[in-house]
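# An overview of the molecular structure
Take a look at the letters that make up each chain.
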Amino acid sequence: MKDWIPAEWLKDVESFDLAACKNEATGTKWNLFLQHQRLRKAARALFDAGYFLEDITGMDGKEGIEVIYHFNQYEKPSRVTLRTLIVHENPEIPTISDIIPAANWHERECYDFFGITFTGHPNLIPLLLPDNFGFHPLLKKEDKRVSLFDSLSNCQTIGVKVPCVESPENPSDKE
Amino acid sequence: MNFNLDGDFYSRNFQQGPTENTMILNLGPQHPSTHGVLRVLVEMDGEYILRAEPVLGYLHRMHEKMGESKTYNQFIPNMGRVDYLHALAWNWAYVGAVEQLMGIEVPERAEYVRVISCELNRIMSHLLWWGAYVMDLGGFTPILYAFDDRERAQDLLQRITGSRLTYSSFRIGGVIQDMDDIFLDGVKAFCARMPERLKMYKNLVTDNFIFRKRCEEIGEIPVEMARKYGATGPVLRGSGVADDVRRAEPYSIYDRFDFSIPTQDTTDAMGRYLVRLDEITQSLAIITQAVDQLSEGPIRAKVPKVIKPPKGETYFAVEGARGKIGVFLVSDGSNVPYRIKLRSPSLSNLSLFSECAKGSLLADAISILGSLDLVIPEIDR
């Protein structure tokens with residue numbers, strides 16, 4: 001299978017799910033669901049593979065707040081989306097701003113809008129909202145939240161669980 | 001009267017503790033060279049910048065929250081106000097995202113109307129940038145020439161959009177109004193006139209010795225720095241990467257036109273300047289081809305009165321005058337978007353300013369800011 005996300009970085013990252021998306025319907029080629037501790041590794045691997053960070057955003061849902069990282073490559077469309085989930089009670093996630101400086105402002109924006117604390121961020125102060133704003137406008141009321149899995153209807157879950165072994169096989173060979 | 005000289009939250013955060021031999025300078029938010037309300041805190045050693053930090057949010061309107069509380073059609077006027085200089089690209093990004101989510105096929109004539117009006121709008125945006133940038137660097141006359149041409153394009157767009165600045169003429173499934181012969185004749189005349197004007201621009205400004213001294217080898221952005229900060233658009237192309245959404249992820253009918261993607265390898269402010277001027281030529285070429293290929297047909301697809309996209313999400317990107325505009329849209333099946341994220345190119349482009357301006361003269365930092373082509377409402381959204 002061509003157009004696979006770079007296999008050489010995928011083997012460094014253990015995701016608990018991988019979804020292929022209809023590119024013409026979702027604009028995204030690959031959705032990668034990650035655990036928090038794998039996030040920095042995945043961002044580093046994508047960045048080293050020549051990707052750049054388009055944006056970081058959040059989405060409030062029943063299961064928690066989903067943090068969404070959009071990566072893309074110059075000169076060819078291959079959007080890769082990293083997704084992690086954090087619980088409402090403890091919205092904390094490691095920063096990637098030391099790996100990719102572009103994340104600095106996007107993380108501050110998420111801090112404004114969702115109250116997500118990016119641990120290790122060098123300058124986590126409000127970016128767009130005033131410093132004494134007091135609440136996070138994009139958090140939804142409990143009865144307004146819907147399941148985060150609803151939005152993934154155009155994606156077909158492949159569910160590759162890449163094991164952390166010494167020499168993992170190239171996933172593109174498996175296809 | 002007591003003045004609080006401690007500064008506000010951001011300046012206290014910027015200047016932690018007393019400084020020796022350096023001065024903290026607050027540039028903006030009301031400063032002519034920031035084109036709106038951008039505020040930059042800079043620490044200066046003499047005339048040189050040690051570090052700089054833009055402070056944003058003075059024009060923040062929370063479009064993303066508004067998107068979650070308005071129906072799909074009601075949100076369209078917002079898009080014309082995110083970036084007032086290239087409003088139609090934002091229009092396109094939003095309606096394109098909804099159309100992609102619902103699988104709506106846009107009639108061919110409507111696509112041509114979109115291409116022609118969007119490219120005209122891009123030329124207008126670049127013209128205003130050109131005048132304003134030269135004005136930042138001390139040349140007052142060129143902006144008046146730029147506005148002469150801009151007015152002509154505005155008169156044309158007014159005919160098919162009904163407004164002169166905050167266009168919101170795209171609709172889900174098409175456009176609001178068709179082009180008539182008067183508009184098309186006007187476009188042809190505009191396209192015929194502009195090459196002469198661009199020659200005059202070159203003689204007047206581009207070849208000017210003083211101007212070149214203010215741009216050349218100033219604000220160099222290597223490709224690696226651009227990628228680190230996610231820069232797109234002319235800022236990236238000025239660093240030598242031929243990346244353009246119209247070519248990379250062709251949307252609409254852009255694959256039918258023959259146009260090149262101008263790049264410059266100098267990576268400095270002059271490179272970005274030349275890229276934008278070349279883009280005007282390329283946009284004119286696209287418009288000329290589009291007018292030639294035009295055929296009759298409807299301008300609105302059949303769409304339901306109440307827009308209710310199926311559950312799902314989509315990311316739709318278009319090429320704006322400042323770079324990649326992206327709309328990430330999530331629908332929960334109701335008539336109101338569940339989540340709408342606006343990716344603004346100016347925000348990413350500005351975020352590299354701190355690193356780029358480090359060690360440069362303050363006067364050069366103004367040149368760098370201008371060469372990034374910032375539109376503050378788009379940064380703050």
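Residues numbered from 1 in each chain as written. Chains lettered and ligands numbered in written order. Predicted model: local features only at pLDDT ≥ 70, side-chain atom pairs only at ≥ 80, totals over all residues. Heavy atoms only, no water.

In this section: the sheet that holds strand β8 (residues 339–343) of chain B. Residues and elements named next belong to chain B. The three strands lie next to each other as β6-β7-β8, forming an open sheet whose pairing is antiparallel. Looking along the sheet, the strands with just one partner apiece sit at the ends: β6 (312–319) and β8. Mean inter-strand twist for the sheet, computed between neighbouring axes without regard to direction, equals 10 degrees. Pairing between strand β7 (residues 324–331) and β8: five bridges, direction antiparallel. Each residue of the ladder has a partner; that of F328, found in β8, is K341. Packing of helix α4 (residues 87–102) onto the sheet brings it into contact with β6, β7 and β8, and relative to β6 it is tilted by some 150 degrees. (Pairing = 2+ DSSP bridges. Helix = DSSP H or I, 4+ residues; strand = E, 2+ residues; numbered from the N terminus. Axes fitted to C-alpha atoms, helices over the stretch in contact; angles between N-to-C directions. Contact = heavy atoms within 4.5 Å.)

Here the focus is the pattern of salt bridges. Any two side chains of opposite charge can pair, on the condition that their charged atoms come close. Residues and elements named next belong to chain B. Counted according to the given criterion, the structure contains 43 salt bridges over all chains. Across the pair R322 and D83 runs a salt bridge, and its minimum N-O distance is 2.9 Å. A residue pair is termed long-range when its members are at least 10 positions apart, and R322 in the loop between β6 and β7 and D83 in the loop between α3 (76–82) and α4 qualify at 239 residues. Across the salt bridge formed by D148 and R197, the nearest N and O atoms sit 3.6 Å from each other. Within this pair, whereas D148 is found in helix α6 (residues 141–161), its partner R197 is found in helix α7 (residues 181–206), the two being separated by 49 residues in sequence. Residue D148 is classed as partly exposed on the basis of its relative accessible area, which comes to 29%. (Salt bridge = Lys/Arg side-chain N within 4 Å of Asp/Glu carboxyl O. Buried < 20%, exposed > 50% of the residue type's maximum accessible area, 1.4 Å probe, protein only.)

This next bit is on the interface of chain A and chain B. How large an interface is tends to be reported as the accessible area lost when its parts come together. Contacts between chain A and chain B engage 55 residues on the former and 48 residues on the latter. Both sides together, the interface formed by chain A and chain B hides about 4400 Å², and carbon and sulfur atoms give 57% of it. Among the residues of chain A in contact with chain B, Y74, W105 and L128 of chain A are the three that bury the most area, contributing 17% of the side total. Counting every contact that joins chain A to chain B gives six salt bridges. With a shortest N-O distance of 2.5 Å, R83 of chain A and E313 of chain B are connected by a salt bridge. On inspection of chain A and its partner chain B, the count reaches 22 residue pairs in polar contact (both at pLDDT 80 or more). Contributing elements (two or more residues each) for the side of chain A that touches chain B: α2 (23–26), β3 (51–60), β4 (65–73), β5 (76–86) and α4 (103–114) of chain A. It is β3 of chain A that provides the largest number of residues to the side of chain A that touches chain B, a total of 10 residues. The residue makeup of the side of chain A that touches chain B, split by class, is 26 nonpolar, 15 polar and 14 charged. (Buried area = accessible area lost by both parts, 1.4 Å probe. Polar contact = N/O pair within 3.5 Å; in protein donor to acceptor, adjacent residues only side chain to side chain. Nonpolar A, V, L, I, M, F, W, Y, C, P; charged D, E, K, R; others polar.)

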